[in-house]
Amino acid sequence: QVQLVESGGGLVQPGGSLTLSCEASGITFSLYTMGWYRQAPGKQRELVAAIPSDHNTNYADSVKGRFTISRDNAKNTVYLQMNSLKPEDTAVYYCQAARRWPNAYDYWGQGTQVTVSS
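The shown structure was predicted, so the numbers you read here are calculated from the model rather than taken from an experiment.

Visitor: What exactly am I supposed to notice about the overall build of the chain here?
Guide: Regarding its fold elements, the chain presents zero helices and 11 strands. Helices and strands appear in the chain in the N-to-C order β-β-β-β-β-β-β-β-β-β-β. In terms of overall size, the chain behaves like a compact globule, its C-alpha atoms giving a radius of gyration of 14 Å where 118 residues would be expected to give roughly 13 Å. For the chain, the proportion of its 118 residues judged to be buried stands at 39%. For the chain, restricting intrachain contacts to residue pairs at least 6 apart in sequence, the fraction spanning at least 24 positions comes to 54%. Surface exposure of the chain reaches about 6,400 Å², of which carbon and sulfur atoms provide 46%. Computed over 10 positive and 9 negative side-chain charges, the inter-centroid distance for the chain is 2 Å.

Now the structure itself:
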């Protein structure tokens, strides 16, 4: 059974920080690119950050310089450190595990709410 279990969401003031965690089970973790997506009300789900096994990271322009994605293969866990949070960062954040060889597979976490408000 594949599971992606997220934690760390909550309410934070503008300018504050929050760290999300996602622990995966049921997959060979090192073979998957891990990513964080978010979806705000009335908007499409968008990629926030991704990190393949070689640790070469990709970020959405809106979060560059503020967010950091990292992974610990020994713990089967991916993290998203969020600093200098803005109200526009408010969304449900989803963890994703993806591979494309030999076939395409995508697994998703249940989502965790992040609210940035004073």
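Visitor: Would you mind showing me how to read the nonpolar core here?
Guide: It is characteristic of soluble globular proteins that their nonpolar side chains tend to be buried jointly. Among the nonpolar cores identified, the biggest contains 29 residues, and Met-34, Trp-36, Leu-80, Met-82 and Tyr-93 are the most heavily contacted of them. Setting aside residues no more than four positions away along its own chain, Met-34 makes contact with Leu-4, Phe-29, Ala-49, Ala-50, Ile-51, Ile-69, Arg-71, Val-78, Cys-95, Gln-96 and Ala-97.

Visitor: Even after reading the chapter, I still don't get the pattern of salt bridges, so can you show me in this structure?
Guide: For side chains bearing opposite charge, pairing can occur when the charged atoms are close. Using the criterion set out here, one finds five salt bridges in the structure. Linked by salt bridges that have partners in common, Arg-38, Glu-46, Arg-66 and Asp-89 make up one network.

Calculation criteria
Residues numbered from 1 in each chain as written. Predicted model: local features only at pLDDT ≥ 70, side-chain atom pairs only at ≥ 80, totals over all residues. Heavy atoms only, no water. Helix = DSSP H or I, 4+ residues; strand = E, 2+ residues; numbered from the N terminus. Rg over C-alpha atoms; globule rule 2.2 N^0.38 Å. Buried < 20%, exposed > 50% of the residue type's maximum accessible area, 1.4 Å probe, protein only. Contact = heavy atoms within 4.5 Å. Areas by Shrake-Rupley, 256 points an atom, 1.4 Å probe, with all protein chains shown as cover. Lys, Arg positive; Asp, Glu negative; His and termini not counted. Charge placed at Lys NZ, Arg CZ, Asp CG, Glu CD. Core = buried A, V, L, I, M, F, W, Y, C linked by side-chain atoms within 4.5 Å. Salt bridge = Lys/Arg side-chain N within 4 Å of Asp/Glu carboxyl O.

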